[in-house]
Amino acid sequence: CPHVPPGTLARSHALWGADGQCTLRLLNYPPTGPPDPERDHGLWRAGPHTDWCCVTLLYQLPGHEGLECAANPRAGSDQAAWLRVDPVPGGVAVNIGDMLSRWSEGRVLSNLHRVRMPATAAECGRPRQSIAFFAQADKAAVIESKGETITAGE
C-alpha cells in the first residue's frame, strides 16, 4: 500500500481492543451422507465468497479437504478454474480480504474461495474442521482509497 504512511496497517489492528474487530472462528462442517452427484450438484458447504477483512489465516487439519480458490473476477484473468487448497501439515492458508484490497487501491485483490461438498465416501464419514483468524482493522481506522474515505466500521 504505497500511499499509506508506514505503520498505518499495524496501528489499525489492535486485535482485542474495545474498537477491535479481529475474529477467531472454529469452523465445523459435520459428516454427510454418501456422495450423490444428482443431489449434491450446485451445493456447497460454504458458497463462493471473498472475506471482507484484511487478511484471513486458515488453519486446516490434514485429512480435512474441501477448500478451493479461484482468481478474483476483477483480475481480468482467464483463470476461472477452481483449485484445491488441501491442508499441509504445519501450513496456513492465507486469504487476502476486501479491506486490504481497498486499502491497496486494488493492487492486491481479495481471493474468491469456497468449501466444496465431500467428494469421497471417506470425506463424507468425517467432519471438516478448521480455525480461521480474520484480521480486521479497528472500527475507527480510516481507509482512504481512490479519493474515497471510509472507516473500517462502515
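Quick note: structure is the one above.
An account of the accompanying structure is given in this report. Keep in mind that this is a model prediction, so the values were computed, not measured.

## Examining the overall build of the protein
- Helix and strand content of the protein: four helices and ten strands.
- Counting helices and strands in the order they occur from the N terminus, the protein gives α-β-α-β-β-β-β-β-α-β-α-β-β-β.
- Along the first, second and third principal axes, the C-alpha atoms of the protein reach 50 × 35 × 25 Å.
- A buried classification covers 38% of the 154 residues belonging to the protein.
- Accessible surface, the protein: about 8,700 Å² in total, of which carbon and sulfur atoms supply 59%.
- In the protein, 14 side chains carry a positive charge and 16 a negative one; their mean positions are 2 Å apart.

## So, the pattern of salt bridges
- This structure, assessed with the given rule, holds seven salt bridges.
- When the shortest N-O distance is used, the salt bridge between Glu68 and Arg116 registers 3.7 Å. Of this pair, Glu68 sits in strand β4 (residues 67-70) while Arg116 sits in strand β7 (residues 112-116); the two residues are 48 residues apart in sequence, bridging distant segments of the chain.
- Look at Arg116 and you get buried, because its relative accessible area is 9%.
- When the shortest N-O distance is used, the salt bridge between Arg116 and Glu123 registers 2.9 Å.
- Residue class for Glu123 comes out buried when judged on its relative accessible area of 12%.
- Each member of the salt-bridge network shares a partner with another, and the members are Glu68, Arg114, Arg116 and Glu123.

About the thresholds
- Residues numbered from 1 in each chain as written.
- Predicted model: local features only at pLDDT ≥ 70, side-chain atom pairs only at ≥ 80, totals over all residues.
- Heavy atoms only, no water.
- Helix = DSSP H or I, 4+ residues; strand = E, 2+ residues; numbered from the N terminus.
- Buried < 20%, exposed > 50% of the residue type's maximum accessible area, 1.4 Å probe, protein only.
- Areas by Shrake-Rupley, 256 points an atom, 1.4 Å probe, with all protein chains shown as cover.
- Lys, Arg positive; Asp, Glu negative; His and termini not counted.
- Charge placed at Lys NZ, Arg CZ, Asp CG, Glu CD.
- Salt bridge = Lys/Arg side-chain N within 4 Å of Asp/Glu carboxyl O.

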